[in-house]
Amino acid sequence: MKTEYSCEQCGDRLIEFACEELSVLERQLVDRHLARCTGCQSQLTELWELQRSASEWSDQRVPGWPRRELFFEPSPWPLRIQWVLSSGSFAMLVLVVLILAWQEPLDDQLQSITTRLGDLESSSEEYLAGAVAQLRQDQVSTNQLLARSLMAQSRQERREDMAELVRLMDGLQVQRQQDTENNLQYLISTQIEDRRDIEALARTVWYPQGGKQ
Amino acid sequence: MQLIDRHEGRLYNYCLRMTGNADDAMDVLQDVLLSVYRNLATFRGDGSFGGWMFRIASFRCADHLRRRMRRGQEEDVEIADGCAPTQQLDANREIQQMLQSISDEQRQVIELKFFQNFTFEEISGQLGISTNTAKSRVYRALASMRKSSEASVTGEGQ
């Protein structure tokens, strides 16, 4: 088993030794070599100095740069459309201004508008009054029609009721006649039987020996 | 946009150290972020997103530095103030001067190892070099910085 590194072997591992990337065993072997080798010691010192310098670097802030424009270049079409829209809006504005400039003066326009509004108001009132009168007339006519209809309906219903009553009375009369006939028949048959019984009794009373009448 | 917000600070400071110039750093940052954004679909997810992003950043920085070298421009170290205290700006300026004294290749490895704390395996994957090459670049960078420091001390002495 190796107990110490040579200068070449130490040199192969010196940077990792400075950066503390060696295993424990390798570190011990390098340590032993460094204890007696000034050349490797001075190299290690330089490496540590370099490490120290690197650790002293303070990060600089990145200056502003157009990253959005660089990474997400805008399509030329939206720009053109915007330009067209802006130009169109401007042209429309100019057109409206020109039309207004060619029109009558503002006071005349206002007077004309006021007159038109007054006319419109009066004609609206007339129309409204006519509409209300027509509505009332319509309502009266509707009420009359409704009353007539109700009365006609009532008469029809009364006629139907009377007819029903007559039919009922006829039925009752027939029924009574039938009952009377039945009663009469029953009375007649009863009287006949009674007469027979009386005759038999009389014969018995008057002719107790069974002689003929 | 969230992706940009999350990574642009780290990337900008990386570019600042690599190029040594705020304008160049901004150019490279935009280039890197655009490249990341356009190539998101190619990210396979088999490594860390940071590693993948820094691989792109390494290529872009290398391209930029190569083009700058071809033009023969030597940029002065320039720090954007970013509302940082003067002491911090001085420290940053010193670090940038130190990094400008080494080659672009060495600077890349130093940046990834000591500022971004990637392992040598990750650096090897990002730069397409072996771990031994990456380590030897670190040592060569140390030697260059030592020479530069000695030269400046000598210059000040004279």
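Here the structure is a predicted model, which means the values were calculated and not measured. Residues take numbers from 1 onward in each chain, read along the sequence in its written order. Note on labels: chains are lettered from A, ligands numbered from 1, in written order. Two thresholds apply to this predicted model, a pLDDT of at least 70 for residue-level local features and 80 or more for giving and counting side-chain atom pairs, whereas whole-chain, interface and lining totals are computed over all residues.

Focus on the overall build of chain B
Each helix and strand in chain B was counted, giving 7 helices and 0 strands. Labels follow the DSSP assignment, with helices taken as runs of H or I lasting at least four residues and strands as runs of E lasting at least two, numbered in each case from the N terminus. Ordered by position from N to C terminus, the α and β elements of chain B give α-α-α-α-α-α-α. With C-beta atoms placed from the backbone, a residue counts as buried when 20 or more other C-beta atoms lie within 10 Å of its own, as exposed when 12 or fewer do, and as partly exposed for counts between those limits. Among the 158 residues that make up chain B, the fraction classed as buried is 38%. Placing a C-beta atom from the backbone of each residue, one calls two residues in contact when those atoms lie within 7 Å. Within chain B, counting contacts between residues at least 6 apart in sequence, those at least 24 apart form 61% of the total.

Here's the deal with the overall build of chain A
Counting its secondary structure elements, chain A contains 6 helices and 0 strands. Helices and strands appear in chain A in the N-to-C order α-α-α-α-α-α. Every one of the 213 residues in chain A was classed for burial, and the buried ones make up 7%. Put simply, of all contacts in chain A between residues at least 6 apart along the chain, 58% involve residues at least 24 apart.

As for the environment of A:Thr45
Note that A:Thr45 resides in helix α3 (residues 38–56). Distance from A:Thr45 to A:Ala18, taken between C-alpha atoms, is 9.0 Å for residues 27 residues apart in sequence.

Quick look at the nonpolar core
Counting 49 residues, the largest nonpolar core has B:Cys15 and B:Leu29 as its most contacted members. Apart from residues lying up to four places away in sequence, B:Cys15 is in contact with B:Ala25, B:Val28, B:Leu29 and B:Cys61. By convention in this section, buried Ala, Val, Leu, Ile, Met, Phe, Trp, Tyr and Cys residues joined through C-beta atoms within 7 Å make up a nonpolar core.

What to know about unusual backbone geometry
Of note in this structure, A:Glu20 is not a glycine but carries a positive phi near 55°. Assignment of secondary structure puts A:Glu20 in the loop between α1 (7–18) and α2 (24–36). With phi around 60°, B:Asn117 is a residue other than glycine that occupies positive phi space.

So, helix α6 (residues 120–127) of chain B
Residues and elements named next belong to chain B. Taken as a whole, α6 has its buried residues at Phe120, Glu122, Ile123, Gln126 and Leu127. One side of α6 holds all its buried residues, which, seen down the axis, span an arc of 155°. Two residues or fewer past α6, Gly128 is found with a positive phi of approximately 70°. Arc definition: it is the arc formed by the directions from the helix axis to the C-beta atoms.

Here's the deal with the interface of chain A and chain B
Quoted interface sizes are often the accessible area lost when the parts come together. Tallying the contact residues gives 21 residues for chain A and 27 residues for chain B. Contributions of two or more residues to the side of chain A that touches chain B are made by α1, α3 and α4 (67–71) of chain A. The leading source of residues in the side of chain A that touches chain B is α3(A), at 7 residues.

Describing helix α3 (residues 49–71) of chain B
Think of an α-helix as 3.6 residues a turn; residues three or four steps apart then line up on the same face. Residue and element names in this part refer to chain B. Each residue after the first adds 1.5 Å to the expected span of a helix. Along its 23 residues, α3 runs 33 Å from first to last C-alpha, staying within 8% of the 33 Å computed at 1.5 Å per residue. Of all the positions in α3, only Trp52, Met53, Phe54, Ala57, Ser58, Arg60, Cys61, His64 and Leu65 are classed as buried. Here the buried face of α3 lies against α1 (2–19), α2 (22–38), α5 (104–115) and α6. Following α3 by one or two positions, Gly72 adopts a phi angle in the positive range, close to 75°.

Side note on the packing of α2(B) against α3(B)
Relative placement of two packed helices is described by the angle separating their axes and the distance separating the axes. Residues and elements named next belong to chain B. Angles shown run from 0 to 180 degrees and are taken between the N-to-C directions of axes, each axis being a line fitted to C-alpha atoms and, for helices, limited to the stretch in contact. The contact between α2 and α3 brings their axes to 9 Å, and the two run at 135°. On the basis of the axis angle, α2 is oblique to α3. Where α2 crosses over α3, the handedness of that crossing is right-handed. Facing α2, whose interface residues are Asp24, Val28, Asp31, Val32, Ser35 and Val36, α3 presents Met53, Ile56, Ala57, Arg60, Cys61 and His64. Should an angle fall under 35 degrees it is taken as roughly parallel, and over 145 as roughly antiparallel, whereas 65 to 115 is taken as roughly perpendicular and any remaining angle as oblique. A crossing counts as left-handed when the near helix is turned anticlockwise from the far one by less than a right angle, and as right-handed when that turn is clockwise.

Digging into the packing of α1(B) against α2(B)
Residues and elements named next belong to chain B. Two elements in contact, α1 and α2, have axes whose closest approach is 8 Å; the angle formed by their N-to-C orientations is 135°. Taken together, the axes of α1 and α2 lie oblique to each other. Here α1 and α2 pass one another in a crossing that is right-handed. Taking contact as the criterion, the partners of Ile4, Glu8, Leu11, Tyr12, Cys15, Leu16 and Thr19 in α1 are, on α2, Ala22, Asp24, Ala25, Val28, Leu29, Val32 and Leu33. Each residue gets one label: Ala, Val, Leu, Ile, Met, Phe, Trp, Tyr, Cys and Pro are nonpolar, Asp, Glu, Lys and Arg are charged, and the others, such as Gly, are polar. Residue composition of the contact of α1 with α2, grouped by class: 11 nonpolar, 1 polar and 2 charged.

Observations concerning the confidence of the model for chain B
Residue and element names in this part refer to chain B. Residue-level pLDDT values for chain B average 83, and 87% of them are 70 or greater. Element-level mean pLDDT values for chain B span from 81 in helix α4 (residues 86–100) up to 91 in α5. Note on the complex model: pTM 0.55, ipTM 0.79. On a scale of 0 to 100, pLDDT captures the predictor's confidence in every residue.

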